[in-house]
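Each chain, written out:
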Amino acid sequence: MDEQALLGLNPNADADFRQRALAYFEQLKISQDAWQVCAEALAQSIYSDDHIKFFCFQVLEHQIKFKYSELTEVQQQLIRETLITWLQAQMLNPQPEKTFIRNKAAQVFALLFVTEYLTKWPKFFFDILSVVDLNPRGVDMYLRILMAVDAELVDRDVVHTSEEARRNTLLKDTMREQCIPSLVESWYQILQNYQYNNSELTCQCLEVVGAYVSWIDLNLIANERFINMLLGHMSVEVLREEACDCLFEIVNKGMDPIDKTKLVESLCQVLQSAGLFSIDQEDDVDFLARFSKLVNGMGQALIASWTKLIKNGDMKSAQDTLQAIEAKVALMLQLLIHEDDDISSNIIGFCYDYLHILKQLSALSDQQKANVEAIMLAVMKKLTYDEEYNFENEGEDEAMFVEYRKQLKLLLDRLAQVSPELLLASVRRVFNTTLQNWQTTRFMEVEVAIRLLYMLAEALPVSHGAHFSGDVTKATALQDMMRTLVTSGVSAYQHTSVTLEFFETVVRYEKFFAVEPQHIPTVLMAFLDHRGLRHTSPKVRSRTAYLFSRFVKSLNKQMNPFIEDVLNRIQDLMELSPPENGYQALLSSDDQLFIYETAGVLIVNSEYSAERKQVLMRNLLTPLMEKFKVLLEKLMMAQDEDRQMALADCLNHAVGFASRTSKAFSNKQTVKQCGCSEVYLDCLQTFLPALSCPLQKEVLRSGVRTFLHRMIICLEEEVLPFIPSASEHMLKDCEAKDLQEFIPLINQITAKFKTQVSPFLQQMFMPLLHAIFEVLLLPAEENDQSAALEKQMLRRSYFAFLQTVTGSGMSEVIANQGAENVERVMFTVIQGAVDYPDPIAQKTCFIILSKLVELWGGKDGPVGFADFVYKHIVPACFLAPLKQTFDLADAQTVLALSECAVTLKTIHLKRGPECIQYLQQEYLPSLQVAPEIIQEFCQALQQPDAKVFKNYLKVFFQRAKP
């Protein structure tokens, strides 16, 4: 072997050596006999370096996986012998191999097993067992091989082909017949032999039993000698976690519902008599988390049995099973309320399913009602934050608690389905007690009280948030709690979690303020002062900005008395903070977007006259325009790139804020009706010069483009005079991404204004196309994936543009470009339909072609177009689907084929019998299509129902492709 290259296998080797080792590995993979060198190295223990041993196994693995069938019988025998020799050596070596080598070896054994077990090596396991006997190192390898075989056969995370799945089923069936009883016996011997003196091997063996139990005969494991041994392990500290998991797998196995109930009950009796149900005496949380998972498995298994028995109509057995379930509820509650969230989380599934049973019962017993209440109290307690939760710097533990809270929310929703009255009464009691004394209560209890009120909105669903009408009891209870929330002063609580929960809840129940509008000023003040938008925490300020905009939007009818006051109070929050003043603004630019939108909503939805609205809107936007002009001048003179970027960002924010205010307008309240057109036209005039700024083009263009999109919607034709010069600037030295983002703007204008913009489109059509072709023709690196993707996206945008133009009834825009240009455009569409394996673009191209045939394909169409149809469009409809890359199993491709069928139908519609004659006598014979198939094709094409032809075309091409 190349000793120099092998040096690069060491993870500490430098990059050049590592590169050389990789190249060597690739070279050995292709080589005919390199695997033999590696096999010899392993069998004779030539190398002591771990990385080289691992490397040799990798080469063997590649040979078995991809090139095994190329080997002779003798060579295959050599691989088997090599592995057995290596295994024998493991028991004699002074030191065991590193774990990563043992695992890789096990994988290679497992690969050889799936390849050879059914044919050449039926005694695979017996051969291994005869070598390892009960030698601890040998047993370790045997157990690892078993786990690797299980991973090959039943690992749910590996996607198997149907061929592999069939092979795996056959392997499992053969193993069940030939060797599983012997394997189970070997496991029993290993467990018996090592349970007291080698916990590592015992745990490994328990893991094997747990893995295999899902697909072997359960009676081999679920019998007295095995179960007694496992239960014995449950009281041995180093074994009990693995034993727990193994019992869980046994309980999880699918079986007859009555047998399952018996199995679970017998297990429970033994576990209970062993004292394992006394949770409060146990302080090992890792074990309890596994035990909780086991109890959860037992509970869910019993519930699944109950469901099946009810379905089968066996009421007597179902009743017995229900009693068995009820008997576990006390234990379930102990685990649910446990202070460790992992232990609690593991039992939630059982809890959830138990509530589902109660939901189905016609009436609940007193005990069941008590259980529901106990679960409810447990959920309320467990929703509470603990002292360690870090609100300022949330890490992994905090993220896990947030996930756990989501699980508890599902339980609360399920509780609401079982007993909505009880849930409402419990929440009301906790809420009122806590809020009466909020000043002296710990933050987590205040937060959870408000949180519960918030959660009721989803737990007790109503349509369109109408919580305060309909059911009187519920409406009164919620109204009372909301009144308490906004009048208690709890919004002043000095903890971010309580503050945020207050605002979230106020916004969720905004309909309350329609019923009791007298509380709006109190809540507005909370939003606007140090409790909300001016809070010391950036997190609270940010979230409040969003919630404030939602609050104002939902209550726009009630906001009229407060508009000017609110606008005055938020004025300082809307200041554009230029990069040089070093002043840390209270809100980030993203948060400011919400404030601008809110200001827009307040003005537009007010009851003021159009004149007053215009004044207020001008007051809002003028400071932005003035700052914009100053900053743009500074940018033109800036030398330093960081400063240029900061200024460009700031300019972009100014455009974004102005854009955002326009979201307040609607069909009912248009810009014109509010008298605000002039202000926005002024903004346009202020912002457009940024397009000709040579610095930071991408940032500036993107902002102005977005503003133009908004103005096309808001100002309609008033925006048209600005479009030509804006387009001219945006087409100057642009890149693929610029063009790709510019085309949707042109599409929007074309689709909206149609013939109004025809002169402009005719003028800019070829400049736009030249810019697109120039970018598409730029040479790119062969492996530059991102450049290839950008070109693909640009190509799609280009075809989308042509589709918009032809689809908006403006084919004259193309027709008036002169014969040579028209032909060039047409050829790009044919090329798009046939040559590029991109079904999305192909579909668009066929849509364009059928539209052009519809417009120009008649007797009075442009000169030469009929020729073009027969020479290019008809062939495209056949050449594209015949390509190997045209995958008829792919949904997008089928859509492209569907448009191809429409194109052919349109040609037939426009050209009539002449088209059929051309296909019958010239084109299809040239493709060597059999006469009877030609006949069949032409008949399908002439069917009046387009769907018949679409279906036929798919079958036609499926037959035509090899």
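Going by what an unreviewed UniProt entry lists, the protein is known as Exportin-T and is assigned to Pipra filicauda. Under the heading Function (unreviewed entry), UniProt records this for the protein: "tRNA nucleus export receptor which facilitates tRNA translocation across the nuclear pore complex."

Q: So, helix 34 (residues 723–731): which residues are in play, and what are the values?
A: Every buried residue of helix 34 is accounted for by Ile723, Ala726, Ser727, Met730 and Leu731. Down the axis of helix 34, the buried set is contained in an arc of 125 degrees. They therefore lie on one face. Looking at the buried residues of helix 34, the elements they touch are helix 33 (697–715), helix 35 (736–753) and helix 36 (758–776).

Q: How would you sum up the environment of Ala43? Please name residues and give values.
A: Along the chain, the position of Ala43 falls in helix 3 (residues 34–43). Once the C-alpha coordinates of Ala43 and Glu81 are considered, the two residues, 38 residues apart in sequence, prove to be 8.5 Å apart. Apart from the residues within four sequence positions on either side, Ala43 is in contact with Thr82 and Thr85.

Q: Break down the domain arrangement of the protein for me, citing the residues and quoting the values.
A: Entries for the protein in the domain assignment read domain 1 (288–385 + 397–418), domain 2 (426–543) and domain 3 (818–961). Inter-centroid distance (C-alpha atoms) of domain 1 to domain 3 is 61 Å.

Q: Kindly report on the layout of surface pockets, identifying the contributing residues and their values.
A: In this structure, the largest pocket encloses a volume near 840 Å³. Lining the largest pocket are 30 residues, with Asp341, Lys382, Thr384, Asp386 and Phe401 positioned closest to its centre. When residues of the lining of the largest pocket are traced back to their parent elements, those giving at least two are helix 17 (341–346), helix 19 (366–382), helix 20 (396–418), helix 21 (420–436) and helix 22 (443–459). Take the lining of the largest pocket: its biggest share by element is seven residues, from helix 20. Considered class by class, the residues forming the lining of the largest pocket number 11 nonpolar, five polar and 14 charged. Two domains each provide a minimum of three residues to the lining of the largest pocket, namely domain 1 (288–385 + 397–418) and domain 2 (426–543). The calculated volume of the second largest pocket comes to roughly 640 Å³.

Q: Hey, could you go over the pattern of salt bridges for me, with residue numbers and the actual values?
A: Under the definition given, this model contains 47 salt bridges. Two residues, Glu241 and Arg290, come together in a salt bridge whose shortest N-O distance is 3.4 Å. Note that Glu241 is positioned in helix 13 (residues 240–252) and Arg290 in helix 15 (residues 285–312), a separation of 49 residues in sequence. Exposure remark for Arg290: the relative accessible area of 26% places this residue in the partly exposed category. Measuring nitrogen to oxygen at the nearest pair gives 3.2 Å for the salt bridge that ties Glu445 to Arg442. With a relative accessible area of 33%, Glu445 lands in the partly exposed category.

Q: Which residues make up the packing of aromatic side chains, and what are the values?
A: In this description, a pair of aromatic rings is defined by centroid distance and the angle of the planes. All chains considered together, the criterion is met by 52 aromatic pairs. Centroid distance Phe113 to Phe125: 5.2 Å. Interplanar angle 50 degrees. Geometry classified as tilted. In this pair, Phe113 sits in helix 6 (residues 99–116) while Phe125 sits in helix 7 (residues 124–132), placing the two residues 12 residues apart along the sequence. In terms of burial, Phe113 and Phe125 fall into one category: buried. A ring pair is formed by Trp438 and Tyr493, whose centres lie 6.0 Å apart and whose planes are at 50 degrees; its orientation type is tilted. Of this pair, Trp438 sits in the loop between helix 21 and helix 22 while Tyr493 sits in the loop between helix 23 (472–487) and helix 24 (496–508), placing them 55 residues apart in sequence. Overall, the relative accessible area of 11% leaves Trp438 in the buried class. Following the ring pairs from residue to residue traces out a cluster consisting of Phe468, Phe502, Phe503, Tyr509, Phe512, Phe513, Phe527, Phe548 and Phe551. We note Arg414 situated over the ring of Tyr352; from NZ or CZ to the ring centre the distance is 4.0 Å.

Conventions we followed
Residues numbered from 1 in each chain as written. Predicted model: local features only at pLDDT ≥ 70, side-chain atom pairs only at ≥ 80, totals over all residues. Heavy atoms only, no water. UniProt positions renumbered as here; feature names shortened; annotations may be inferred. Buried < 20%, exposed > 50% of the residue type's maximum accessible area, 1.4 Å probe, protein only. Helix = DSSP H or I, 4+ residues; strand = E, 2+ residues; numbered from the N terminus. Arc of directions from axis to C-beta. Contact = heavy atoms within 4.5 Å. Domains from an automatic or database assignment. 1 Å grid on protein atoms, 1.4 Å probe; cavity = no way out; pocket = protein on both sides within 12 Å on 5 of 7 lines; lining within 4 Å. Points joined across faces, edges and corners; volume = space filled by probe spheres on them. Nonpolar A, V, L, I, M, F, W, Y, C, P; charged D, E, K, R; others polar. Salt bridge = Lys/Arg side-chain N within 4 Å of Asp/Glu carboxyl O. Phe/Tyr/Trp six-rings, centres within 6.5 Å; stacked < 30°, edge-to-face > 60°. Lys NZ or Arg CZ within 6 Å of the ring centre and 35° of its normal.

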